[in-house]
Number of protein chains: 2
Amino acid sequence: MQRYKAAVAYDGSGFSGYQIQPRGRTVQGEIEQVLQKLHKGEVIGVTASGRTDSGVHARGQVIHFDSPLQLSGDQWIKALNSLLPDDISFLRVEAAESDFHARFDATKKKYKYFLYGGLVRDPFKRHFAAHVRGAFDVKVMREAAEHLTGTHDFTSFCSAKTETDNRVRTLFELDIQDHGGELELTFIGDGFLYNMVRIIVGTLLDAGSGKLKISDIPGILAAKDRTMAGKTAPAEGLYLWEVYYE
Amino acid sequence: MQRYKAAVAYDGSGFSGYQIQPRGRTVQGEIEQVLQKLHKGEVIGVTASGRTDSGVHARGQVIHFDSPLQLSGDQWIKALNSLLPDDISFLRVEAAESDFHARFDATKKKYKYFLYGGLVRDPFKRHFAAHVRGAFDVKVMREAAEHLTGTHDFTSFCSAKTETDNRVRTLFELDIQDHGGELELTFIGDGFLYNMVRIIVGTLLDAGSGKLKISDIPGILAAKDRTMAGKTAPAEGLYLWEVYYE
C-alpha cells in the first residue's frame, strides 16, 4: 500500500459540505465513490485536513488516502478528474510517507473571505462572495482586525455548537485588501474553530459599519460568550485556501 | 408612458438563452414576469439588443421597455433586483427618448471570450470560461486574428442556420490578452452573426494548436463555407460585454 497526499479544489455551492453524511451530496462522498471505481469496487477512505461547511469552497483542501496502485501525480489527476463531477478537481497528488496525516500533521491553515458592497448585487458572484448592502469603512475594519491577531481564547468567535474544549488559537495574520470595493480577507492561523472565520468577518463588518466600536473588541474576546460577537457571515464568501505542513 | 433603457447582467448557466420560449427558463421570461408584478398584472414587454444563446453570459445586455411608472434609476434597480432571481441583475436604468430602440439603435457591440489551458480544470470556472486541453500558441492566435479584423463576408464564420442574407460585418477589434494561461479575447464589431464569436474562437484555437496555418484564414473567409472554419467554441466562455449607442 502507498499513502498519497493530494490537494483538491471544489466549488462548495453544490455540496452539503465536505464530510460524508447519510443524505446530501458531499465532497468526500464524491471522491470516495470515484476512488472505489478506480479500485474495482474496493472501498478507499480519504482523510481531510478538516471539514468545510455547506456552501464553503476550497482552493487547496488537503487529503490523504492509501492505495495499492502505483501511479504518478499526473496519472492520478487524469484518472480522478475524468471521473469526478466538474465542481471538484484534484490539483496535485504525490506519494507521502506512510505515517503522513492530512489532519494531525497540518501546522497552519489559510482561509480567504471575499465580500463586496454597493447597491447592485453581481449575478456572477452569487455563490462566490458575500454581498453586503450597507456601507463599511475598510480602515476601521483593519484596526479592529489588529485586536484579533495573536493568541487568544476565541470562544466568543466560534459557534456555540463547538465541541472542542480548548478554544485558544493563534491568528498569525488577518489581512484585508480592498480591490475597488471588493474586499479580500486573508486569515492564517494554527487552527480555526467552528465558524470562526465567518464570525470574525461578521464582527469586522459590525465595526466597519459603526455598529460596534473598535475598543469593544478586547471585551468581546474576554467575555468568552458567542452572543457578544457579530453575526456569522454567509458561507459563499469563504474559501479554505491552503493547508501548511512541516 | 415613459420609455426606459436598462443595462442587465446575467449568469447564463441557468438559462435556456435570453429569448422567451414555450419551455425552459429564459432571461426575458424572468424579467417580464417581474415587470408584470410591478405593474399589477399588466404585461410589459421588453426588447433587447439581441439574443444570447443557452449558457452565454451578459455583463451589459441592453433592453428597453415602456412603463406608466415614473421611477428613478435607483428605484427601478431596487424594485427589480429585489424580485428577480439572483442570477439576473439590473445595473443601470434611465429614462430614454420615446423612439429609443435597444436593437435598431445599437451601433457596436463588445463580446469577450475567456478560455484557459493546462491539465487541471478549475471547478470555479466550469460555467465561466472554456477549458482547452491541448496546447495553444497565443502569438500565432494573434497573427491569425489580424486576418479577421476589418470588413469581411463572415459566412464561413457563422452557423449554417443563420437567417440573415447579408453576412458582411466589420470587426473593429479582436484583441487577445494572456493572463498567465487564461486568455481574454475581446471582440468589438458593428454586428455579430449567429455563433460568429464562438466559431472565430474555435478557428483561432485551430491556428494556435497548429491544426490550421495562418495563411489558410483568407481562403476560409473567401470560401463562404461554414465547414471550412473551426468548431464552435463552448458557450460558457462567452459574454455579451457592452452595447454601444450614438
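Residues numbered from 1 in each chain as written. Chains lettered and ligands numbered in written order. Predicted model: local features only at pLDDT ≥ 70, side-chain atom pairs only at ≥ 80, totals over all residues. Heavy atoms only, no water.

Engineer: Tell me what's going on with the interface of chain A and chain B, and back it up with residues and numbers.
Structural biologist: If you look at the interface, chain A gives 27 residues, while chain B gives 27 residues. Summing both partners gives a buried area of about 2200 Å² for chain A against chain B, and 62% of it is carried by carbon and sulfur. In this assembly, chain A and chain B are joined by 6 salt bridges. At the boundary of chain A and chain B, one finds 16 residue pairs in polar contact (both at pLDDT 80 or more). At the level of secondary structure, the elements contributing two or more residues to the side of chain A that touches chain B comprise strand 1 (2-10), strand 3 (57-67), helix 2 (73-83) and strand 4 (88-96) of chain A. A breakdown of the residues in the side of chain A that touches chain B according to their chemical character gives 15 nonpolar, 3 polar and 9 charged. (Contact = heavy atoms within 4.5 Å. Buried area = accessible area lost by both parts, 1.4 Å probe. Salt bridge = Lys/Arg side-chain N within 4 Å of Asp/Glu carboxyl O. Polar contact = N/O pair within 3.5 Å; in protein donor to acceptor, adjacent residues only side chain to side chain. Helix = DSSP H or I, 4+ residues; strand = E, 2+ residues; numbered from the N terminus. Nonpolar A, V, L, I, M, F, W, Y, C, P; charged D, E, K, R; others polar.)

Engineer: Help me get a handle on the packing of aromatic side chains, residues and values and all.
Structural biologist: For any pair of aromatic rings, geometry is given as the distance between the ring centres together with the angle between the planes. Tallied over the full model, the rule gives 27 aromatic pairs over all chains. Where Tyr239 of chain A meets Trp241 of chain A, the ring centres are 5.8 Å apart and the plane angle is 65°; that geometry is what we call edge-to-face. For Tyr239 of chain A, a relative accessible area of 5% puts it in the buried group. Taking relative accessible area as the criterion, Trp241 of chain A reaches 25% and is therefore assigned partly exposed. Aromatic ring contacts, followed pair by pair, group Phe114, Phe124, Phe128, Tyr239 and Trp241 of chain A together with Phe114, Phe124, Phe128, Tyr239 and Trp241 of chain B into a single cluster. Lying across the ring of Tyr244 of chain A, Lys108 of chain A places its NZ or CZ 5.0 Å from the centre. One cation-aromatic arrangement involves Lys112 of chain B over Trp241 of chain B; the distance from NZ or CZ to the ring centre is 5.3 Å. (Phe/Tyr/Trp six-rings, centres within 6.5 Å; stacked < 30°, edge-to-face > 60°. Buried < 20%, exposed > 50% of the residue type's maximum accessible area, 1.4 Å probe, protein only. Lys NZ or Arg CZ within 6 Å of the ring centre and 35° of its normal.)

Engineer: Can you tell me about the environment of Phe124 of chain A, naming the residues and giving the values?
Structural biologist: Structurally, Phe124 of chain A is set in the loop between strand 5 (106-116) and strand 6 (130-131). The contact partners of Phe124 of chain A, leaving out residues within four places of it in the chain, are Tyr10, Asp11, His57, Ala58, Arg59, Phe128 and Tyr239 of chain B.

Engineer: Help me get a handle on the domain arrangement of chain A, residues and values and all.
Structural biologist: Residues and elements named next belong to chain A. Each assigned domain of chain A is listed here: domain 1 (2-96) and domain 2 (106-245). Listed per partner, the contact involves 16 residues of domain 1 and 15 residues of domain 2. Buried surface at the junction of domain 1 and domain 2, summed over both partners, amounts to about 1200 Å²; 57% is from carbon and sulfur atoms. Across the contact surface, domain 1 and domain 2 share 1 salt bridge. With its nearest N and O atoms 3.8 Å apart, the salt bridge here joins Arg198 to Asp53. The interface formed by domain 1 and domain 2 contains 9 residue pairs in polar contact (both at pLDDT 80 or more). No other element matches strand 3, which puts 6 residues into the side of domain 1 that touches domain 2. Partitioned by chemical class, the residues of the side of domain 1 that touches domain 2 number 3 nonpolar, 9 polar and 4 charged. (Domains from an automatic or database assignment.)

Engineer: I'd love a proper account of helix 4 (residues 196-208) of chain B, names of residues and values included.
Structural biologist: For an α-helix the count is 3.6 residues per turn, leaving residues at separations of three or four pointing the same way. Residues and elements named next belong to chain B. The end-to-end C-alpha distance of helix 4 is 18 Å, a good match for the 18 Å that 13 residues give at a rise of 1.5 Å each. Extensive coverage of helix 4 is indicated by the burial of 13 of its 13 residues. Of the residues one or two after helix 4, Gly210 is the one with positive phi, at around 85°. (Expected span 1.5 Å × (residues − 1).)

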